[in-house]
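Residue-level listing of the chains:
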Amino acid sequence: MVTKVVTLENVSKKFGKVQAVNNVSFSIEKGSTVAILGPNGAGKTTTISMMLGLLDPNEGKVELFGQSPKQVVVRNKIGAMMQEVSVMDLLKVGEVLTMFRSYYSSPLSMEELIALTGLDKDDLKKKAENLSGGQRRRLGFAIALAGNPDLVFLDEPTVGLDTTARGEFWKKVESLKEKGKTIIFSTHYLQEADDFSDRIILFNNGEIIADGNPEDIKRNLTTRSVSFETEEPDAVMRMERVNTVVKCYEKAGTVYAVTEDTDFVLSELFRLNISAKNIRINQGRLDDVFEQLTGDKEEAEAG
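The residue count restarts for each chain, going from 1 along the sequence in the order it is written. Where totals are concerned, whole chains, interfaces and linings use all residues; where local detail is concerned, this predicted model gives features only for residues with pLDDT of at least 70, and gives and counts side-chain atom pairs only at 80 or more. In computing side-chain values, all of the structure's heavy atoms are included and hydrogens and water are not.

Caption draft 1: Geometry of the confidence of the model for the chain. Across the chain, pLDDT averages 88, with 94% of residues at or above 70. Per-residue confidence from the predictor is reported as pLDDT, which spans 0 to 100. Secondary structure counts use DSSP, requiring at least four H or I residues in a row for a helix and at least two E residues in a row for a strand, with both numbered from the N terminus. For the chain, helix α13 (residues 297-300) is the element with the lowest average pLDDT, namely 44, and strand β4 (residues 59-64) is the one with the highest, namely 97. In this model residues 297-303 is a low-confidence stretch, pLDDT under 50, and it forms 15 contacts with partners more than four residues away in sequence or in other chains. Any two residues having at least one pair of non-hydrogen atoms within 4.5 Å are treated as being in contact.

Caption draft 2: Molecular detail of the sheet that holds β4. The three strands are arranged β2-β1-β4 in an open sheet whose pairing can be described as antiparallel. Two strands lie at the open edges of the sheet, namely β2 (18-29) and β4, each paired on one side alone. Recorded for the sheet is a direction-independent mean angle of 20° between the axes of neighbouring strands. Here, a strand pair is defined by DSSP locating no fewer than two bridges between the strands. In the sheet, strand β1 (residues 4-15) pairs with β4 via five bridges, with the strands oriented antiparallel. Residue pairing across strands places Val6 opposite Leu64, the latter belonging to β4. A fitted line through C-alpha atoms represents every axis, and for helices the fit uses only the stretch in contact; the resulting angles, taken between N-to-C directions, go from 0 to 180 degrees. Along the sheet, helix α1 (residues 44-51) makes contact with β1, β2 and β4, crossing β1 at roughly 125°.

Caption draft 3: The arrangement of the packing of aromatic side chains in detail. Pairing of aromatic side chains here covers Phe, Tyr and the six-membered ring of Trp, requires ring centres within 6.5 Å, and sorts the geometry by plane angle: under 30 degrees stacked, over 60 edge-to-face, intermediate tilted. Applying the stated rule across the entire model yields six aromatic pairs. Between Phe100 and Tyr103, the aromatic rings sit 5.6 Å apart at their centres with planes inclined by 70°, giving edge-to-face as the arrangement. With a centroid separation of 5.3 Å and an interplanar angle of 85°, the aromatic rings of Phe169 and Trp170 are classed as edge-to-face. The class of Phe169 is buried, set by a relative accessible area of 8%. Here the guanidinium or amino end of Lys77 rests over the ring plane of Phe65, the centre of that ring lying 4.8 Å away. Two limits define a charge over a ring: the Lys NZ or Arg CZ must be within 6 Å of the ring centre, and within 35 degrees of the ring normal. The aromatic ring of Tyr189 is capped on one face by Arg166, whose charged end is 3.6 Å from the ring centroid. Categorising residues by exposure relies on relative accessible area from a 1.4 Å probe, with only protein chains included: less than 20% of the type maximum marks a residue as buried, more than 50% marks it as exposed, and the intermediate range marks it as partly exposed.

Caption draft 4: Molecular detail of the environment of Val236. Relative to the helices and strands, Val236 is located in helix α10 (residues 235-240). Considered as a pair, Val236 and Tyr256 are 20 residues apart in the sequence and their alpha carbons are 8.2 Å apart. Once residues lying within four places of it in the same chain are set aside, the contact partners of Val236 are Cys248, Tyr249, Glu250 and Val255.

Caption draft 5: Looking closely at the sheet that holds strand β12 (residues 254-259). Ordered by their spatial adjacency, four strands build an open sheet running β11-β12-β10-β13, and the pairing between neighbours is antiparallel. Sheet topology places β11 (245-251) and β13 (277-282) at the edges, where each strand pairs with a single neighbour. In this sheet, adjacent strand axes meet at a mean angle of 15° when their direction is disregarded. In this sheet, β12 lies alongside strand β10 (residues 224-229) in antiparallel orientation, the contact comprising six bridges. The partner of Arg224 across the bridge, within β12, is Thr259.

Caption draft 6: Layout of empty space enclosed by the protein. Both site types are read off a 1 Å grid over the protein atoms alone. A 1.4 Å probe that fits but cannot get out defines a cavity, while an open set with protein on both sides within 12 Å along at least five of seven lines defines a pocket; lining residues have an atom within 4 Å of a point. Grid points are joined across faces, edges and corners, and a volume is the space filled by probe spheres set on the points. According to the stated counting rule, one finds two cavities of 30 Å³ or more in the structure shown. Considering only enclosed or pocket space, the largest cavity measures out at about 40 Å³ in volume. In this structure, the largest cavity is lined by Leu37, Ile200, Leu202, Ile217, Leu286, Val289 and Phe290. Secondary-structure elements contributing two or more residues to the lining of the largest cavity are β8 (199-204) and α12 (286-294). The dominant element in the lining of the largest cavity, judged by the number of residues it contributes, is α12, at three residues. Following the grouping adopted for this structure description, the nonpolar residues are Ala, Val, Leu, Ile, Met, Phe, Trp, Tyr, Cys and Pro, the charged ones are Asp, Glu, Lys and Arg, and the polar ones are all others, Gly among them. Of the residues contributing to the lining of the largest cavity, the split by class is seven nonpolar, no polar and no charged. Size it by volume and the second largest cavity reaches roughly 30 Å³.

Structure representation (structure tokens):
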């Protein structure tokens with residue numbers, strides 16, 4: 001039986017005259033990994049804050065595990081990694097984690113926290129104020145997991161991390177998913193949402209404008225391309241003349257013909273007798289969807 005971990009029904013939130021969230025409804029099932037995306041000011045952060053019980057909606061209902069997110073029994077089941085980790089800098093990392101573990105009835109062991117977050121025993125001996133940016137992010141991750149939560153919120157978790165560290169972080173998140181945890185995250189790195197989420201909820205102007213798995217969203221909302229390799233120098237020019245081809249370009253020895261009708265472009269490729277190999281149909285990118293739906297090119301390029 002499917003269990004709903006999060007339920008929002010007709011939720012709205014205003015700040016003065018500004019409508020931050022407008023009549024939003026959705027539910028999130030146990031064991032799913034959901035990315036909540038949107039340009040700055042779209043309403044995603046306000047929505048996450050209401051799910052965490054940090055803000056109250058003006059209208060509608062927010063429930064976690066069938067209860068108010070402010071209930072102690074609910075708080076005992078959730079963990080949150082926020083963008084900024086604020087801890088007592090004079091405490092050592094091990095002391096910070098011991099303190100947070102003490103708040104929960106069934107916390108993870110220190111050994112489990114180390115294994116899950118990438119901290120090591122030397123890190124535990126360091127004062128929080130002496131941590132590097134990457135170590136600080138790992139500490140924030142460990143704090144979020146200290147209580148062995150069933151539901152984990154990750155707010156821009158890989159900001160400031162290099163590509164390698166980001167990859168390692170998402171491997172840790174995948175291990176949580178394998179344990180049946182429910183994960184809700186926001187990110188400006190759209191490729192992360194594409195690679196690691198089961199579902200994307202896209203906000204704009206306080207409303208949900210797309211909701212589904214990444215492949216369905218891309219399939220329904222973006223153009224695709226036919227790509228191929230060829231040694232014919234005029235291949236791009238010839239393919240540009242094909243009806244339904246929006247644009248055609250060459251990159252790293254491969255020609256890409258962007259279109260909404262891949263079948264027609266394939267038939268024309270053979271009709272024109274262009275010598276081609278490694279022919280592929282490529283799905284659109286998530287940043288194309290983001291830009292198409294929100295009109296926010298800057299955000300789409302952020303990832």
